Amino acid sequence: MTFPHHIKIVEVSPRDGLQNEAQTLPTQVKIDFINLLSDTGLPVIETTSFVSPKWIPQLADGGEVYQSIQKKPNVNYPVLVPNLKGLEAAIAVGVKEIAVFTTPSEQFSQKNANCSVTESLHRIAEVVDRAKKQRIRIRAYLSCVLGCPYEGKVMPEKVGELGEILLRMGCYEIVLGDTIGVGTPPKIKRLLEIVCRHVPLKYLAVHFHDTYGLALVNIYSALEFGIGIIDSSVAGLGGCPYAKGASGNIATEDVVHLLNGMGIDTGVDLKKLIAAGRFISKHLGRTPQSKVNLALGEAIS
Ligand code: HMG
Ligand code: MG
């Protein structure tokens with residue numbers, strides 16, 4: 001088994017994490033948090049979303065956050081966009097990269113975006129068209145790829161077909177979201193085998209929520225399969241308010257610790273990452289959901 005020398009980590013806490021908090025943090029705290037993350041060596045930080053504030057009020061200040069953070073030239077700052085209205089708002093503040101989202105599950109699509117899967121693809125096509133004209137790069141999420149809280153089983157073939165459609169549209173990366181954390185290593189392997197018939201492995205990323213504590217094991221399985229891009233969230237923040245059972249993402253601290261231990265480079269400074277996790281956890285009034293943060297936090301503070 002040979003693992004890659006380098007893995008790209010995509011930090012999603014400012015978006016996936018803060019969208020799921022009952023409280024809305026002050027804008028300045030979000031800005032300070034993202035600035036801390038920018039200083040850790042993370043190559044990609046999903047900064048916020050431009051969705052309806054009626055649906056996600058916690059991120060209604062996305063424009064101000066995006067404009068106010070100190071952007072490093074070697075870091076990408078994508079934002080999540082559900083439709084043309086969101087894209088126009090993102091363009092207005094100079095966003096260079098977006099993330100779009102759909103799912104193989106009809107019911108989850110209705111709950112999360114108030115539209116069918118087919119309709120969501122039409123929306124994405126419009127967004128991609130407009131984004132390309134602005135030279136904006138597009139990442140694409142597929143949610144509930146290993147199970148849906150409303151429909152149960154999800155067919156891997158459908159995930160592969162959707163991934164292929166999104167890649168053909170011009171999305172540069174297809175993110176496989178285990179939104180409710182129901183994956184297990186054999187399921188991950190089967191999913192990747194089937195999806196890879198449609199989307200070359202180099203375009204795939206994994207985005208695992210840690211509902212049942214298996215996200216890190218599942219990441220290891222994905223690494224064995226050859227995945228080179230991992231989404232994660234500092235302090236284990238995360239979840240989708242429209243997916244029952246979606247708890248935090250795998251903690252970035254724990255992913256970096258695993259990869260460090262395997263001799264795989266991420267370019268991320270674990271101490272700085274732990275500090276960022278502690279900063280946001282303090283503002284949220286909770287303990288970081290990261291074994292590594294808890295074990296090493298005191299030692300390095
Ligand atoms: P809708 O209610 O059907 O849309 O929502 P609408 O077109 O009827 O608009 C309703 C109101 O929202 C209108 O305002 C629009 O102008 C406004 P009003 O006229 O009533 O005052 N609106 C907007 N405002 C700002 N920005 C926009 C926007 N769009 C409409 N972009 C919609 C449809 C898609 C907008 C809604 O369902 C939505 O925003 N959904 C997003 C929900 C969300 O953010 N979920 C979490 C992210 S996905 C996730 O977490 C999974 C992921 O992490 C991967 C994984 O874990 O698997 C990515
Ligand atoms: Mg997510």
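Residues numbered from 1 in each chain as written. Chains lettered and ligands numbered in written order. Predicted model: local features only at pLDDT ≥ 70, side-chain atom pairs only at ≥ 80, totals over all residues. Heavy atoms only, no water.

So, about the coordination of the magnesium ion (ligand 2). At the metal site, the magnesium ion (ligand 2) is ligated by D16 (OD), H207 (NE2) and H209 (NE2), and these contacts range over 2.1 to 2.3 Å. Counting residues between consecutive donors of the magnesium ion (ligand 2) along the chain gives the motif D-x190-H-x1-H. Here the two residues H207 and H209 agree in accessibility, since each one is buried. (Donors = N, O, S within 2.8 Å, 3.2 Å for Na, K, Ca; no water. Buried < 20%, exposed > 50% of the residue type's maximum accessible area, 1.4 Å probe, protein only.)

A few words now on the layout of surface pockets. In this structure, the largest pocket encloses a volume near 680 Å³. Along the wall of the largest pocket there are 37 residues; nearest its centre are V51, S52, I56, P82 and F101. Of all the secondary-structure elements, those providing two or more residues to the lining of the largest pocket are α1 (13-17), α3 (62-68), α4 (84-92), α5 (106-113), β6 (137-142) and β7 (173-178). Residues of the lining of the largest pocket, tallied by class, amount to 18 nonpolar, 14 polar and five charged. Its boundaries defined by the atoms lining it, the second largest pocket holds a volume of some 440 Å³. (1 Å grid on protein atoms, 1.4 Å probe; cavity = no way out; pocket = protein on both sides within 12 Å on 5 of 7 lines; lining within 4 Å. Points joined across faces, edges and corners; volume = space filled by probe spheres on them. Helix = DSSP H or I, 4+ residues; strand = E, 2+ residues; numbered from the N terminus. Nonpolar A, V, L, I, M, F, W, Y, C, P; charged D, E, K, R; others polar.)

For the rest of this paragraph, the subject is a nonpolar patch on the surface. Together, Y212, L214 and V217 line one region of the surface with nonpolar side chains, adding up to about 290 Å² of accessible area. As for its placement among the helices and strands, L214 is situated in the loop between β8 (204-208) and α9 (215-225). Owing to a relative accessible area of 31%, L214 belongs among the partly exposed residues under this scheme. (Patch = residues over 30% accessible without salt bridge, like charges linked within 9 Å, V, L, I, M, F, W, Y side chains within 5 Å. Areas by Shrake-Rupley, 256 points an atom, 1.4 Å probe, with all protein chains shown as cover. Salt bridge = Lys/Arg side-chain N within 4 Å of Asp/Glu carboxyl O.)

What follows concerns unusual backbone geometry. The phi angle of most residues is negative, glycine excepted, and most peptide bonds adopt the trans form. Positive phi values are uncommon outside glycine, yet R135 reaches one of about 60°. Relative to the helices and strands, R135 is located in the loop between α6 (117-133) and β6. When its relative accessible area of 77% is taken as the criterion, R135 is described as exposed. Located in the positive-phi region is C144, a residue other than glycine, with phi close to 55°. Inspection of the secondary structure puts C144 in the loop between β6 and α7 (156-169).

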